Every structure is written in structure tokens, then in C-alpha cells.
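# Secondary and tertiary structure notes
Listed below are the residues making up each chain.
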Amino acid sequence: MQLAALIMLFAGLRRGEVMALTKDDITETEITVNKAVRFEGNKPVIVAPKTAAGVRRVPVIDNLRPALKNAPQRIIST
């Protein structure tokens, strides 16, 4: 959970966006946000962002780069 908190803090992603991230969405210089997780009852479902502005590329700042280097395949396992 520490990695998820760092991404939310330093990259400004929302909880659902972080929960949907995979290692493929992260490069050394940016994070691609193109999906989110929402819950239907207790079941997580991956969905597209609500608006076109929700699809974006967020730069990775220097403070976050070391933490992302060894990121697991899924940032948060759902």
C-alpha cells in the first residue's frame, strides 16, 4: 500500500486510478491513466474514465522514480 500512497501523493492519481494501474502503464518518465476501478457491491470492475479528461499522461517526478523502479505487475491486487 505504500507505493499506492506515493503515487496518489506525488502523481495526483485517484484511488480508483491507482487500483487499475499495471506495470505496463508506467515508464521511467510518465504514468498513463486510461482506466479506473469502481466497485459493484464488493466486486471491483475495471472501467474507462468518466470523461475524456480522465485519460491522461502524468509525469513521474524524481521523488517517485525509485519507488516505481521495482513496482509489481499490479500496483494493488484486486
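Attention now goes to helix 1 (residues 2-11). For an α-helix the count is 3.6 residues per turn, leaving residues at separations of three or four pointing the same way. Buried residues of helix 1: Leu3, Ala4, Ile7 and Ala11, and no others. In a view along the axis of helix 1, the buried residues occupy a sector of 105 degrees, so they form one face of it. Set apart from the buried face of helix 1 by more than 90 degrees, the exposed residues are Gln2 and Leu9. Close packing links the buried residues of helix 1 with helix 2 (15-20), strand 1 (30-33), strand 4 (56-59) and helix 3 (65-69).

A separate point is the environment of valine 58. Looking at the secondary structure, you find valine 58 in strand 4. Judged by its relative accessible area of 9%, valine 58 falls in the buried class. Separated by 26 residues in sequence, valine 58 and threonine 32 place their C-alpha atoms 6.4 Å apart. In this structure, valine 58 is in contact with Ala11, Leu13, Thr29, Glu30, Ile31 and Val33, ignoring residues within four places of it in sequence.

With that out of the way, let us pick up the side chain of glutamate 17. Positionally, glutamate 17 belongs in helix 2. Separated by 2.9 Å, the side chain of glutamate 17 and the backbone nitrogen of arginine 14 make a polar contact. Every residue in contact with glutamate 17, bar those within four places of it in the chain, is listed here: Val33, Lys35, Ala36, Gly54 and Arg56.

For the rest of this paragraph, the subject is the pairing of strand 1. Alternating positions in strand 1 separate cleanly, Ile31 and Val33 being buried on one face and Glu30 and Thr32 remaining unburied on the opposite face. Where strand 1 meets strand 4, four bridges bridge the pair, whose relative direction is antiparallel. Following the sheet pairing, glutamate 30 is matched in strand 4 by proline 59.

Averaged over every residue, the pLDDT of the protein chain is 90; residues scoring 70 or more account for 96%. Element-level mean pLDDT values for the protein chain span from 89 in helix 3 up to 97 in strand 4.

A word on the nonpolar core. With 20 residues, the main nonpolar core has Ile7, Leu13, Ile31, Leu68 and Ile75 as its most contacted residues. Looking at this core, the elements that each hand over two or more residues are helix 1, helix 2 and strand 1. Of the residues forming this core, the biggest block, four residues, is contributed by helix 1. Beyond its immediate chain neighbours, meaning those up to four positions away, leucine 13 contacts Ile7, Met8, Val18, Leu21, Ile31, Val33, Arg56 and Val58.

Thresholds applied
- Residues numbered from 1 in each chain as written.
- Predicted model: local features only at pLDDT ≥ 70, side-chain atom pairs only at ≥ 80, totals over all residues.
- Heavy atoms only, no water.
- Buried < 20%, exposed > 50% of the residue type's maximum accessible area, 1.4 Å probe, protein only.
- Helix = DSSP H or I, 4+ residues; strand = E, 2+ residues; numbered from the N terminus.
- Arc of directions from axis to C-beta.
- Contact = heavy atoms within 4.5 Å.
- Polar contact = N/O pair within 3.5 Å; in protein donor to acceptor, adjacent residues only side chain to side chain.
- Pairing = 2+ DSSP bridges.
- pLDDT = per-residue confidence, 0-100.
- Core = buried A, V, L, I, M, F, W, Y, C linked by side-chain atoms within 4.5 Å.

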